[in-house]
Each structure stands twice: as structure tokens, then as C-alpha cells.
Amino acid sequence: MESTLKEISSNGDSVLDMKDKCGVAGGVEDMYGEDRATEDQPITPWTFSVASGYSLLRDPHYNKGLAFTEEERDAHYLRGLLPPTVLSQELQEKRLIHNLRQYQVPLQRYMAMMDLQERNERLFYKLLIDHVEELLPIVYTPTVGEACQKYGSIFRRPQGLFISLKEKGKILEVLKNWPEKSIQVIVVTDGERILGLGDLGCQGMGIPVGKLSLYTALGGVRPSVCLPITIDVGTNNQQLLDNEFYIGLKQKRATGQEYAELLEEFMSAVKQNYGEKVLIQFEDFANHNAFNLLAKYRTTHLVFNDDIQGTASVVLAGLIASLKLLGGTLADHTFLFLGAGEAGTGIAELIALEITKRTSVPLEEARKKIWLVDSKGLVVSSRLESLQHFKKPWAHDHEPVKELIDAVKAIKPTVLIGTSGVGKTFTKEVVETMASLNPKPLIMALSNPTSQAECTAEEAYTWSKGHAIFASGSPFDPFEYEGRTFVSGQANNAYIFPGFGLGIIMSGTIRVHDDMLLAASEALAAQVTEEDYLKGRIYPSFTNIRKISAHIAAEVAAKAYELGLATRLPRPTDLEKYAESCMYTPVYRTYR
């Protein structure tokens, strides 16, 4: 009897032992041993890479939801996996925007958009492009700030690479874990200065993810070549360290040599893995590290700091555009900044460079039109010894002045710019004084998010009795004052960095030069229309942002070719048309 049962199966095992090889459900063979493994026994996570059937529906790069045609459903084993209706991308988009508008809380909209991005990439970008003015404040500032604050609680699946001190010595291996191999743009943060919210550590990942979404939606850079990275060296935010749901390293921030060595390894590994022409955008680093990293790597890598250079470029564009309303040239105006960090000094330097370019006066002379106020008061020459290195060029001869209002009265600026990260600092007295000194004072409250804005659009227009030209970092609703509707401009970096990045990529540029930033500013300023000016706006509408980005990309690329920094040869005849042809479009593809 036993000899009869001892038949040998095709793989050489006895049929008596086959019960151990079967799962409980219908006797399906447990070929990977998952059902036989105990809970604490390791198993191998096998998977298949062919995108068809169930796996196709869960691949965000290729999933089209209910838009798969009857032929595609047959060809790709989707029958029965989807309801029978076929919905076009346009109808899917209409349904989604309707659903998004039902949410009352912006963070809920943010989470719904992130879910969509992880589920259906093309539909996410189609929705964002077609409703850019409505959705930009959701995927970017100000909502992204709240998302970063709560990132540990809403974290679902990784959307980029997390490189921590634990990975020191093997960062190149970590980069190789990312599935896409041809990366052209990296946005990296260490989370120390997220918007105006401070040190959010590892939770700062929301910023690189959001920025790269805009690279694709606004600049047409393909999502597959974009890589968000957070470098986690710890956090000095005690609330996060005490939070059991915090997703980062639970230690105080590494500094000095340990920090420098990790960044050096990271920069070397990026160049080794992705080549000379990968654009590395530094994002939301604290002042001391931001300036040091830019100075250290700008001659050896293709690097760009959005807080220093991107902010400067977009603000300069607004200033150039505003001259049509203010009159005169940049050199005719006097600028006063509240805030002397990376944003303030970066903007100031680019203004001085533009004045120098237009008038041929020495840079040191051009800087004398620009004054800075920091936490200790007006930056003046008597404070030179105690100033950080990046503030020293702005220390002019003047009596010490402690308060902003006194600085306004003493300097008599025509332009007031806020980059302090401190809300409500442009008080009624400050705005009224600006209005008494100038027929049309230009007031730019640039700090993000909205709660950190130096003043609101309503306050600027009301306190100046409708005379102010106002722009901000976060969006404000149109405001009506004495029968006139004012639409304030938003000095949003999203105007600049997507087109700037596209220009660099399409020309194969190997280094970023200041003249390319000036070219981007002038290109953006040229896009402001008469209709915008009539509304009091010094920035163009975001509805045309892809065309604006193509124009900026063309001007940036032209400057790169002029400077001998472009490597993609021969140079295209029509750079703007070439930029448009390079842009990613999120329309569904047909699958054979």
C-alpha cells in the first residue's frame, strides 16, 4: 500500500508531501513558501515586472483607470478588473475636480491630490495643468507647509529618496535603489528651514515632492527624470523628537565636519551616478548651509538654490515689470528689505547686478541703493565686525536704526520688501509712511505661508488708500477698495524655476551663471500684459504658465549658448518652439 502512495511527483517530491506545498484556498500551490512560513520566518518578496492585468492598474505611470478602451482591456488582461464603462480622460478630470471642491479643508485636498499622483500620474498632471490657479496653492505653498508639519501622520508611501546619517558611506548604493536611472533634476532639502515654519527635519520631504510636481506641470520636465531627496541629519525641533509618529532620525542635528562629509559624499555620488548635467536644486536649507553649499559647489556641479537665486529672479522680474507703473529705472529707486537672510540678500544682489548691467556703474555703487533691516535693526557699517559674511556687502554708512518704521523714515525707500518670515511686521504705520513718501509705494510681503506674510493684500491697499502696488509670496484673493478691484501679484518661485530648469536641460548646460537668472527675470517681466497692469498686478496670470515657462526656458538657453555653457549642439534655430516640443504632455497614450 505504501509503495503505491510513494509515487513521485514531477519535481521529484513524494505525493504524500504535496499537502505541505499547497495553500488552503483551493489547493493552489504555494510556490514561494509564503503560506508555510511562520510569522517570524523571512520570505522573499517576489514580484513580476510586466505591466498587464492587475499590476497595470496599480502602476501610476501607465494606469488610465476607466479610460482603457475595449481593445486595451482585451489585450492587457483587464476584463473583469474594471467596471464596464469607458470614461475619457476629460470626464475623469471633470469628476475629480468636482470631488476636490467638496473638501472644505485644504489639507484634505492635498492628500487627495497626492493619492491621485500615486494612482494615476497622467491624470494628476492633466488636472494640475488645467486648473493650475486653483490647485497650485494646494500642491505648493501655502498648503504644502501644513502638509510638512503633519507629514508623519499623513505619510503613506515614499515619493522620493530619504538619505540619512545611517546611509553614510553607501549613498551611491542608495541612489541606485531608485527605479529610474536617467535623472535630470534633483530637488534636495535637509528640512532645517521649511518655508517660514522652521526645522521640520525629515518631514520636509513635502517640499521636494511639491517642487518637482511643478517642474512637470509648469515646466514640462518629464516626471520620470525628477527625483525628490531629503537628507536627514536629525532635527532640533523638540516637538518632533518627542512625537512617537515622527518618521525621521530622533537625534539633534549633525553639524560641522559630520554634516559636511555627508553632503560631500552625496554630491559626489549624484555626479557619479547621474553624470555632469544633472541639475541639483537646493531647497529650504538654513542660511549658513545654503550660502556655503552654493559657494562650494557652484563651480564643480550644476547647482541652483531656489531660496537664494529663484526667489531673487522672480522678485527682480516683478520689480522690472513694476517700472511701467512706478516710472524711472531700477537705479532711480531705493530698496529697503525687512529680512537679511538667504532670500533677502539673494534678491538684493540680483537687483544690484541688474542695475550694474543696465547702467555700467560698479557693483559696489549699485549696492548703495539697497538697504537691509535684520533682527538687530538697519545693517550699517558700524555693525560690520558682528555681521555674518553674506550681510557685509550691505553695511552702508548710516546711524544705527533699531525699528523698521524708523528705517523707513530715515531711508525713504520707494520699494519695501519683506523676507523676514515674521508675520504682521508691515504695520499700519509702516504702510502709511510708505504711502506718504511715495505716490505709488511698491510693497512686497514675500514670506510664506500666508500666516507669516508681513501684511495682507487688504491691509496694504486699505492703509495706503488704494495707492500701493502690492505683491506677496502666498496668494491673496482679489480685494475691492472704493469701487476698484485689486488683484495682487504673487511673487511665486513657480514662475521661474520650472522654465529655468527646462532651459538648462534642453541646452545641456553644465553650470548656472548669474546672467541666466537675469535673463529669466527679464523674460518673465516681458510676459506681464496691459490687462495685468490695469488690475494692479506686476506678474502674469498662471493660466498661461506653460507658455511663460517655454519663453523663460528659451531665454535661459540662449544665454547659456552665448556664455559657452551649453553642450547640446547644434543650437536649435527657434529655441522657444524647441522648448515647447520638449515639454511633457499628460494626455493618455494608446497601448498596443
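From a predicted model like this one, the values you see are computed outputs, not experimental measurements.

1. Digging into the overall build of the chain
The number of helices and strands found in the chain is 25 helices and 14 strands. In terms of overall size, the chain behaves like a compact globule, its C-alpha atoms giving a radius of gyration of 27 Å where 592 residues would be expected to give roughly 25 Å. For the chain, buried positions account for 56% of its 592 residues. In the chain, once contacts between residues fewer than 6 apart in sequence are set aside, the share between residues at least 24 apart is 70%. Roughly 26,500 Å² of accessible area belongs to the chain as shown, and the carbon and sulfur atoms make up 52% of that amount. Where the 62 positive side-chain charges of the chain centre and where its 74 negative ones centre are 3 Å apart.

2. Overview of the domain arrangement of the chain
Per the domain assignment, the segments of the chain are domain 1 (53-131), domain 2 (142-305), domain 3 (310-491) and domain 4 (495-582). For domain 2 and domain 4, the distance between their C-alpha centres works out to 25 Å. The interface of domain 2 with domain 4 comprises 23 residues on the first partner and 20 residues on the second. Taken together, the two surfaces of domain 2 and domain 4 that pack against each other cover about 1,800 Å², and 64% of this comes from carbon and sulfur. Ranking the residues of domain 2 by area buried against domain 4 places Leu 218, Leu 302 and Phe 304 at the top, with a combined share of 31%. Counting every contact that joins domain 2 to domain 4 gives two salt bridges. In this structure, Arg 511 and Glu 276 form a salt bridge, with 2.8 Å as the shortest nitrogen-oxygen distance. Looking at the side of domain 2 that touches domain 4, the elements that each hand over two or more residues are α11 (206-219), β4 (279-282) and β5 (303-305). For the side of domain 2 that touches domain 4, the element with the most residues is α11, which contributes seven residues.

3. Structural notes on the packing of aromatic side chains
Scanning the entire structure with this criterion turns up 14 aromatic pairs. When the centroid spacing of 4.9 Å and the interplanar angle of 25° are considered together, the rings of Phe 304 and Phe 500 count as stacked. Residue Phe 304 is located in strand β5, and its partner Phe 500 is located in helix α21 (residues 497-507); the two are separated by 196 residues in the primary sequence. Since its relative accessible area comes to 0%, Phe 304 is described here as buried. Among the residues examined, Phe 500 registers a relative accessible area of 0% and is labelled buried. Through pairs of rings, three or more aromatic residues link up here, namely Tyr 461, Phe 470, Phe 476, Phe 479 and Phe 486. The ring of Tyr 591 carries Lys 64 above its face, with NZ or CZ at 4.7 Å from the centroid. Residue placement shows Arg 367 over the ring face of Trp 394; its charged tip is 5.6 Å from the ring centre.

4. Quick notes on the side chain of Thr 189
Here Thr 189 lies in strand β2 (residues 185-189). On the accessibility criterion, Thr 189 (0% relative accessible area) is buried. Only 2.7 Å separates the side chain of Thr 189 from the backbone oxygen of Glu 283, close enough to count as a polar contact. If we ignore the near neighbours within four places in the chain, the residues touching Thr 189 are Ile 194, Gly 204, Pro 208, Ile 229, Thr 230, Ile 231, Glu 283, Asp 284 and Phe 285.

5. Considerations on the packing of helix α18 (residues 404-411) against helix α19 (residues 428-437)
To describe two helices that pack against each other, one gives the angle between their axes and the distance between the axes. Here α18 crosses α19 at 5°, and the two axes come no closer than 9 Å. In terms of orientation, α18 lies roughly parallel with respect to α19. Of α19, the residues touching α18 (which contributes Leu 404, Ile 405, Val 408 and Lys 409) are Glu 429, Val 430, Thr 433, Met 434 and Leu 437. Across the contact of α18 with α19, the residue classes break down as six nonpolar, one polar and two charged.

6. With respect to the side chain of Asp 232
Among the secondary structure elements, Asp 232 is positioned in strand β3 (residues 226-232). No salt bridge forms around the buried Asp 232; measuring N to O, its nearest opposite-charge neighbour Arg 253 is 6.5 Å away. A distance of 2.9 Å separates a polar atom in the side chain of Asp 232 from the backbone nitrogen of Gly 234. With residues up to four places along the chain from it excluded, the contact list for Asp 232 reads Ile 163, Ser 164, Leu 165, Cys 202, Gly 248 and Leu 249.

7. Some points on the pairing of β3
In regular strands, side chains alternate between the two faces of the sheet. Counting buried positions along β3 yields seven of seven residues, so the element is predominantly enclosed. Here β3 shows two buried faces, one formed by Cys 226, Pro 228, Thr 230 and Asp 232 and the other by Leu 227, Ile 229 and Ile 231. Bridge count for strand β1 (residues 161-164) against β3 is four bridges, and the pairing is parallel. Following the sheet pairing, Phe 162 is matched in β3 by Thr 230. With five bridges joining them, β2 and β3 adopt parallel strand pairing. Among the inter-strand pairings, Thr 189 is bridged to a residue of β3, identified as Thr 230. Crossover handedness for the path β2 to α11 to β3: right-handed.

The rules we used
- Residues numbered from 1 in each chain as written.
- Predicted model: local features only at pLDDT ≥ 70, side-chain atom pairs only at ≥ 80, totals over all residues.
- Heavy atoms only, no water.
- Helix = DSSP H or I, 4+ residues; strand = E, 2+ residues; numbered from the N terminus.
- Rg over C-alpha atoms; globule rule 2.2 N^0.38 Å.
- Buried < 20%, exposed > 50% of the residue type's maximum accessible area, 1.4 Å probe, protein only.
- Contact = heavy atoms within 4.5 Å.
- Areas by Shrake-Rupley, 256 points an atom, 1.4 Å probe, with all protein chains shown as cover.
- Lys, Arg positive; Asp, Glu negative; His and termini not counted.
- Charge placed at Lys NZ, Arg CZ, Asp CG, Glu CD.
- Domains from an automatic or database assignment.
- Buried area = accessible area lost by both parts, 1.4 Å probe.
- Salt bridge = Lys/Arg side-chain N within 4 Å of Asp/Glu carboxyl O.
- Phe/Tyr/Trp six-rings, centres within 6.5 Å; stacked < 30°, edge-to-face > 60°.
- Lys NZ or Arg CZ within 6 Å of the ring centre and 35° of its normal.
- Polar contact = N/O pair within 3.5 Å; in protein donor to acceptor, adjacent residues only side chain to side chain.
- Axes fitted to C-alpha atoms, helices over the stretch in contact; angles between N-to-C directions.
- Parallel < 35°, antiparallel > 145°, perpendicular 65-115°, else oblique.
- Nonpolar A, V, L, I, M, F, W, Y, C, P; charged D, E, K, R; others polar.
- Pairing = 2+ DSSP bridges.
- Right-handed = clockwise from strand over helix to strand, strands pointing away.

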